[in-house]
Number of protein chains: 2
Amino acid sequence: MKHKASPNGVSSRAKVLTIDTMNPTVKKVEYAVRGPIVQRAMELEKELSEGMKKPFAEVIKANIGDAHAMGQQPITFFRQVLALCSYPELLNDSTFPEDAKSRARRILQSCGGNSMGSYSASQGIDSVRHDVARYIKRRDDGVPCDPDNIYLTTGASDGIVTMLKLLVCGEGATRTGIMISIPQYPLYSAALAELGAVQINYYLNEQKCWSLDISELQRSLDEARQHCNPRALCIINPGNPTGQVQSRQCIEDVIRFAAKERLFLMADEVYQDNVYAEGCQFHSFKKVLFEMGPEYSNTVELVSFHSTSKCYMGECGFRGGYMEIINLDSEVKAQLTKLVSVRLCPPVPGQALMDLVVNPPQPGEPSHEKFIKERTTTLCALAEKAKLTEQVLNTVQGISCNPVQGAMYSFPCITIPEKAIKEDNGQKPDMFYCMKLLEETGICLVPGSGFGQRDGTYHFRMTILPPKDKLKILLTKVKEFHQKFTQQYS
Amino acid sequence: MKHKASPNGVSSRAKVLTIDTMNPTVKKVEYAVRGPIVQRAMELEKELSEGMKKPFAEVIKANIGDAHAMGQQPITFFRQVLALCSYPELLNDSTFPEDAKSRARRILQSCGGNSMGSYSASQGIDSVRHDVARYIKRRDDGVPCDPDNIYLTTGASDGIVTMLKLLVCGEGATRTGIMISIPQYPLYSAALAELGAVQINYYLNEQKCWSLDISELQRSLDEARQHCNPRALCIINPGNPTGQVQSRQCIEDVIRFAAKERLFLMADEVYQDNVYAEGCQFHSFKKVLFEMGPEYSNTVELVSFHSTSKCYMGECGFRGGYMEIINLDSEVKAQLTKLVSVRLCPPVPGQALMDLVVNPPQPGEPSHEKFIKERTTTLCALAEKAKLTEQVLNTVQGISCNPVQGAMYSFPCITIPEKAIKEDNGQKPDMFYCMKLLEETGICLVPGSGFGQRDGTYHFRMTILPPKDKLKILLTKVKEFHQKFTQQYS
Ligand SMILES: Cc1ncc(COP(=O)(O)O)c(C=O)c1O
Ligand SMILES: Cc1ncc(COP(=O)(O)O)c(C=O)c1O
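Residues numbered from 1 in each chain as written. Chains lettered and ligands numbered in written order. Predicted model: local features only at pLDDT ≥ 70, side-chain atom pairs only at ≥ 80, totals over all residues. Heavy atoms only, no water.

I'd like a rundown of the packing of helix 3 (residues 76-86) of chain A against helix 3 (residues 76-86) of chain B, residues and numbers included.
Close contact between helix 3 of chain A and helix 3 of chain B brings their axes to 8 Å; oriented N to C, the two are set at 180°. Comparing their axes, helix 3 of chain B and helix 3 of chain A come out roughly antiparallel. Along its contact with helix 3 of chain A, which presents Arg79, Leu82, Ala83, Cys85 and Ser86 of chain A, the element helix 3 of chain B presents Arg79, Leu82, Ala83, Cys85 and Ser86 of chain B. Looking at the contact of helix 3 of chain A with helix 3 of chain B residue by residue, the classes come out as six nonpolar, two polar and two charged. (Axes fitted to C-alpha atoms, helices over the stretch in contact; angles between N-to-C directions. Helix = DSSP H or I, 4+ residues; strand = E, 2+ residues; numbered from the N terminus. Parallel < 35°, antiparallel > 145°, perpendicular 65-115°, else oblique. Contact = heavy atoms within 4.5 Å. Nonpolar A, V, L, I, M, F, W, Y, C, P; charged D, E, K, R; others polar.)

What follows is the structure, given as structure tokens:
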């Protein structure tokens, strides 16, 4: 037993759990969206609130896709039903619309003891899974969907990590490799680090609006095959952090590639309703797969993820989500069901919310009109802000920005002067840039290095979520900062 | 690329992900509480509802600690506040009590954009963590509690798995070993299997009311040291599945043992309000640790888990919980914060509920009286059912049952005749027993083998949660079944 004397003379044992003796895979995890820059932003907010003087009056956070935190309003119908489910006494309240009540009754009837306080089935509430299946079939113009293939999850994050977990095996040169886009959403790199899987990078084509080139997939796969066992290909569409929307052709090519190379496909489609650019449209991997005929639709293993956190809902805090698995081996499916049962079940309010998302008020129902109006307002505002962001950033010399076709982010390329790059400050150049931006303007963005970028290029990610007036301030401040920064280091 | 011909002539590729190529640690996971017996119970329910004839009219589930599913009513105040937080329009509704409203306002003010739809800080909402800290201090007669040491979680399950994850490292003879009680709650064995940690069993003393003997801890630890690196000791108090409440002396001894042997302590205290037996009292590990003086309180690493799922609340579906970490190395704590940030945050409604649990209506507030009444009613009913269960089971020859001092379960020892044990039916004898019980009576219990038991002994676990009239039926049926079973195989 090791002892060391502590300041007060009491003998203190060496800790059991130290940075040197903890799980090494956990140490490798990084997650930029909530990294040091965000911690500093929170400190600055605290300092401001304590009356400390700063060169800005408020911190504007554009670091995370958290719509309600940026003032987006929830859909009234959704919240009415959630209130009714939480406190069923309200079913007697005549001020609630009838469709909200009947929806709440239906959800409660599927809960043990008619209470959201019961554990649900581990795969999710039966009737919710059926509603999800009907939604997918509708969305995909009639392609069939089996409720048995739907798993409700604790946000999409949970589903993604669970599926990756199933895929990981082998050691050394046979260790599972997972292909992810660069730039990526850092949940993927974090989960792979934790699972000890090999991260295989394929680069999106910034010159072609962050599109996905099959030749790049092939390069990346061929190289990876030298040292690991590539088993799955992850795609985020619409893209985070890059905001692109993949074309139908591209998706077909990706599926063909996955079939040819025997890769399990993971389609992260949490932004499926966030498409703004003219000529762009969301195509689900499922639908394209089925349109390619039985040679593909009977064989290619695919999982698609959705969430209550994004789109027009933005209900991140409820941690609702689902995944649909297609062509999953039946024994593996049984293992998946067993695995999720250990955690008992996803949060029931999140499941209820997911149910409302896939089954919103229908034409003729009392809440329909208001629902459509609220949804449209939110999506139009996002579309407008997507355009505004692109336009303003592209007026800045040294910033170049692809159109924000979808999702909620812009990922512009920024020119950082050599002198700033060479500055030896222990930070990556884009981190240095973003930290300085934060300290001088109160604007919180995430450096591109947190998502991955081609060597020698620099980016930041900003969300388009702040209200329009604040977004304008933000963009102006970024513009001014960039000009000043460039001058300072030229 | 392997191809095989499918029935319809379309060539079908071999799956990428099969039972032979999936993560081997996932395959090792078992979780009895939702295992084959529960699946069969669900089938039976379906068959009954379809009009199929059975020797029973309904399935009575006593397999899982899911209070609301068994008819327990939620606390009105909690649900009122949740409804107000879900749909803040209701803050203008004069039928809601003022204390519910002010509580809701306070929670909403701590949410980004005043919405439960925002992601919270990954560690949990600030004000909730402060309320938890105040609760712990109150509970522990003034022992200080730092809100910075509180992490909100997605049910206790999430916190337990996260802490185990931090502790696991090494390979072969230096692989991390974790000590768990036998019988145990199978989340532990499942998590250890998934993490590839070594499960170290120590046996509770059934003869002494499932108490914990230090000599048995020592035996178990000494043996484990031959082949792995034991690093943590898990205790469930009050116990699941065994229903015992540890004495203060025992807890002190365990802490001394952990200090001497340099073990990280994990105290699962989710049943802290579920204490029924006279002379029994809940003692938190934290409090006992601090009463033992600085030699212990400054050194022993401890984490304690709590949940909204049990006690008088029984709000399982909300997936609320917290953990308090004590003496955790500061670098490890930073790693923990980083790790939980990858999943963004625990469900916000669950956090809100946790806040209400630790900060219920106070004397003088409008909801206080009703709250006390509801809580007392629930806890008294549980105490009564705990007694009833013990009494009835102990009248059966061949069943012997310790008092249900706390928690929500009885784990009686059952005598299974040799002939039934030797019956070659591919099932463990207690699984055979429980399956037969289910098929003949519609009663769903979990075999002791799902929790672990001394070789050659057999048990089942039953919850005391069914309403009293159903519990009586259940106990009578178990009695009759056991007599019949014993006769049949004698
Ligand atoms: C691409 C992508 N996938 C998954 C998630 C996870 O979201 P959640 O777990 O809240 O559903 C996010 C969140 O930002 C995301 O951007
Ligand atoms: C001892 C013990 N710990 C933890 C849990 C997990 O509960 P939850 O994740 O719902 O908080 C349970 C559930 O039954 C339990 O019995």
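Please provide a residue-by-residue account of the environment of leucine 217 of chain B, values included.
With respect to the element layout, leucine 217 of chain B can be found in helix 8 (residues 214-225). Residue contacts for leucine 217 of chain B: discarding those within four places in its chain leaves Met179, Tyr202, Leu212, Leu233, Val254 and Phe257 of chain B.

Break down the domain arrangement of chain A for me, with residues and values.
Residues and elements named next belong to chain A. Partitioning chain A into domains gives domain 1 (24-71 + 371-488) and domain 2 (119-358). Centre-to-centre separation of domain 1 and domain 2, based on C-alpha positions: 27 Å. The interface of domain 1 with domain 2 comprises 37 residues on the first partner and 36 residues on the second. Approximately 3,000 Å² of surface area, both sides summed, lies buried where domain 1 meets domain 2, with 59% of it carried by carbon and sulfur atoms. When the buried surface of domain 1 facing domain 2 is broken down by residue, Asn402, Gln405 and Ala407 rank first, second and third, together holding 22% of it. Taken together, the links from domain 1 to domain 2 amount to zero salt bridges. In this structure, the connection of domain 1 to domain 2 is made through 16 residue pairs in polar contact (both at pLDDT 80 or more). (Domains from an automatic or database assignment. Buried area = accessible area lost by both parts, 1.4 Å probe. Salt bridge = Lys/Arg side-chain N within 4 Å of Asp/Glu carboxyl O. Polar contact = N/O pair within 3.5 Å; in protein donor to acceptor, adjacent residues only side chain to side chain.)

Tell me about the site of ligand 1, and please be specific about residues and values.
Around ligand 1 sit 17 residues in total, of which Ser157, Asn240, Asp268, Tyr271 and Ser307 of chain A are the nearest. Ligand 1 sits at a junction of chains, with neighbouring residues supplied by chains A and B. A distance of 2.5 Å is found between an oxygen atom of ligand 1 and a side-chain nitrogen or oxygen belonging to serine 157 of chain A. The side chain of tyrosine 119 of chain B places a nitrogen or oxygen atom 2.7 Å from an oxygen atom of ligand 1. For ligand 1, whose free accessible area comes to 400 Å², the fraction covered by protein is 98%. Sort the elements by how many residues they give to the shell around ligand 1 and helix 6 (residues 155-167) of chain A lands first, with four residues. By residue class, the composition of the shell around ligand 1 is nine nonpolar, five polar and three charged. (Near = heavy atom within 4 Å. Areas by Shrake-Rupley, 256 points an atom, 1.4 Å probe, with all protein chains shown as cover.)

Tell me about the sheet that holds strand 16 (residues 460-463) of chain B, and please be specific about residues and values.
Residues and elements named next belong to chain B. Ordered in space as 12-16-15, the three strands form an open sheet in which the pairing is antiparallel. The two strands at the open ends of the sheet, each matched to only one other strand, are strand 12 (409-410) and strand 15 (446-447). In this sheet, strand 16 lies alongside strand 12 in antiparallel orientation, the contact comprising two bridges. From the neighbouring strand, serine 410 faces strand 16, where its bridge partner is methionine 462. (Pairing = 2+ DSSP bridges.)

Give me the lowdown on the sheet that holds strand 7 (residues 229-236) of chain A, citing residues and values where you can.
Residues and elements named next belong to chain A. If you walk across this open sheet you meet the seven strands as 4-10-9-8-7-5-6, and the pairing is mixed. At either end of the open sheet lies a strand with only one pairing partner, and these are strand 4 (150-154) and strand 6 (198-203). Adjacent strand axes in the sheet meet at a mean angle of 25°, parallel and antiparallel pairs treated alike. The pairing of strand 5 (residues 176-182) with strand 7 spans four bridges and is classified as parallel. Across the sheet, the residue bridging to isoleucine 178 is alanine 232, located in strand 7. The sheet strands contacting helix 7 (residues 187-195) are strand 5, strand 6, strand 7 and strand 8 (264-268), and the helix crosses strand 5 at an angle near 160°.

Provide a residue-level description of helix 14 (residues 368-394) of chain B, including the pertinent values.
All names here are of chain B. Between its first and last C-alpha atoms helix 14 spans 39 Å; for 27 residues at 1.5 Å apiece the expected length is 39 Å, and the two agree. Restricting attention to buried positions, one finds in helix 14 the residues His368, Phe371, Glu374, Thr378, Leu382, Lys385, Ala386, Leu388, Thr389 and Leu393. Close packing links the buried residues of helix 14 with helix 3, helix 4 (98-109), strand 11 (399-400), strand 12, strand 16 and helix 17 (468-488). (Expected span 1.5 Å × (residues − 1). Buried < 20%, exposed > 50% of the residue type's maximum accessible area, 1.4 Å probe, protein only.)

Account for the nonpolar core, naming residues and giving values.
Ranked by size, the top nonpolar core spans 80 residues in total, and within it Phe78, Leu90 and Tyr322 of chain A together with Phe78, Leu90 and Tyr322 of chain B carry the most contacts. Beyond its immediate stretch of four places on either side in the chain, leucine 90 of chain A contacts Ala83, Leu84, Phe96 and Lys101 of chain A together with Ala83, Leu90 and Phe96 of chain B. (Core = buried A, V, L, I, M, F, W, Y, C linked by side-chain atoms within 4.5 Å.)

So what's going on with the pairing of strand 6 (residues 198-203) of chain B? Which residues, and what values?
Within a regular strand, the side chains alternate between the two sheet faces. All names here are of chain B. The pairing of strand 5 (residues 176-182) with strand 6 spans six bridges and is classified as parallel. Note that in strand 6 the partner of methionine 179 across the bridge is isoleucine 200. In terms of handedness, the path from strand 5 via helix 7 (residues 187-195) over to strand 6 forms a crossover that is right-handed. (Right-handed = clockwise from strand over helix to strand, strands pointing away.)

Any details on the environment of leucine 82 of chain A? Residues and values, ideally.
Structurally, leucine 82 of chain A is set in helix 3. For leucine 82 of chain A, a relative accessible area of 1% gives the class buried. Each C-alpha atom of the pair leucine 82 of chain A and isoleucine 107 of chain A lies 9.7 Å from the other, and the pair is 25 residues apart in sequence. Contact partners of leucine 82 of chain A, with chain neighbours within four places excluded, come to Met116, Phe318, Pro349, Ala352 and Leu353 of chain A together with Ser86 of chain B.

A description of the UniProt feature "domain: Aminotransferase class I/classII large" (unreviewed entry) in chain A should follow, citing residues and the corresponding values.
Residues annotated by UniProt as "domain: Aminotransferase class I/classII large" (unreviewed entry) correspond here to residues 96-476 of chain A. Spanning residues 96-476 of chain A, this segment combines 43% helix with 15% strand, and its end C-alpha atoms are found 44 Å apart. (UniProt positions renumbered as here; feature names shortened; annotations may be inferred.)

Help me get a handle on the interface of chain A and chain B, residues and values and all.
Between chain A and chain B, the residue contacts involve 99 residues of the former and 98 residues of the latter. In terms of surface lost to chain B, no three residues of chain A exceed Leu17, Tyr119 and Arg262 of chain A, which account for 9% of the buried area on that side. One salt bridge connects arginine 343 of chain B with aspartate 158 of chain A, and the closest N-O pair in it is separated by 3.8 Å. At the boundary of chain A with chain B, the tally comes to 50 residue pairs in polar contact (both at pLDDT 80 or more). For the side of chain A that touches chain B, the class distribution of residues is 47 nonpolar, 28 polar and 24 charged.

Run through the pattern of salt bridges, naming residues and quoting values.
Note that side chains of opposite charge can pair when their charged atoms are close. Under the definition given, this model contains 68 salt bridges over all chains. Here lysine 287 of chain A and aspartate 141 of chain A are joined by a salt bridge, their closest N and O atoms 3.1 Å apart. Taken together, the positions of lysine 287 of chain A in helix 10 (residues 285-291) and aspartate 141 of chain A in the loop between helix 5 (126-139) and strand 4 put the pair 146 residues apart, joining distant regions of the chain. Measuring nitrogen to oxygen at the nearest pair gives 2.9 Å for the salt bridge that ties glutamate 261 of chain B to arginine 225 of chain B. Residue glutamate 261 of chain B is located in helix 9 (residues 248-261), and its partner arginine 225 of chain B is located in helix 8; the two are separated by 36 residues in the primary sequence. Relative accessible area serves as the criterion here: at 13%, glutamate 261 of chain B is assigned to the buried category.

Could you give an account of the confidence of the model for chain A, naming the residues involved and the relevant values?
When pLDDT is averaged along chain A, the result is 94; 97% of the residues meet or exceed 70. ipTM for the predicted complex: 0.93, alongside a pTM of 0.94. (pLDDT = per-residue confidence, 0-100.)

Could you give an account of the site of ligand 2, with specific residues and numbers?
Lining the immediate environment of ligand 2, one finds 17 residues, of which Ser157, Asn240, Asp268, Tyr271 and Ser307 of chain B sit closest. The residues that come close to ligand 2 belong to more than one chain, namely chains A and B. Here an oxygen atom of ligand 2 and a side-chain polar atom of tyrosine 271 of chain B are 2.6 Å apart. A distance of 3.0 Å separates an oxygen atom of ligand 2 from a polar atom in the side chain of lysine 310 of chain B. About the coverage of ligand 2: the protein hides 99% of its 400 Å² of free accessible area. Residue contributions to the shell around ligand 2 peak at four residues, all from helix 6 (residues 155-167) of chain B. The class makeup of the residues in the shell around ligand 2 is nine nonpolar, five polar and three charged.

Account for the packing of helix 6 of chain A against helix 7 of chain A, with residues named and values stated.
All names here are of chain A. Contact geometry for helix 6 and helix 7: axes closest at 10 Å, N-to-C directions at 40°. In terms of orientation, helix 6 and helix 7 fall into the oblique class. Seen from above, helix 6 lies across helix 7 with right-handed handedness. Counted together, Ser157, Ile160, Val161, Leu164 and Lys165 of helix 6 and Leu187, Tyr188, Ala191, Leu192 and Leu195 of helix 7 form the full contact between these two elements. Split by residue class, the contact of helix 6 with helix 7 holds eight nonpolar, one polar and one charged. (Left-handed = near helix turned anticlockwise from the far one by under 90°.)

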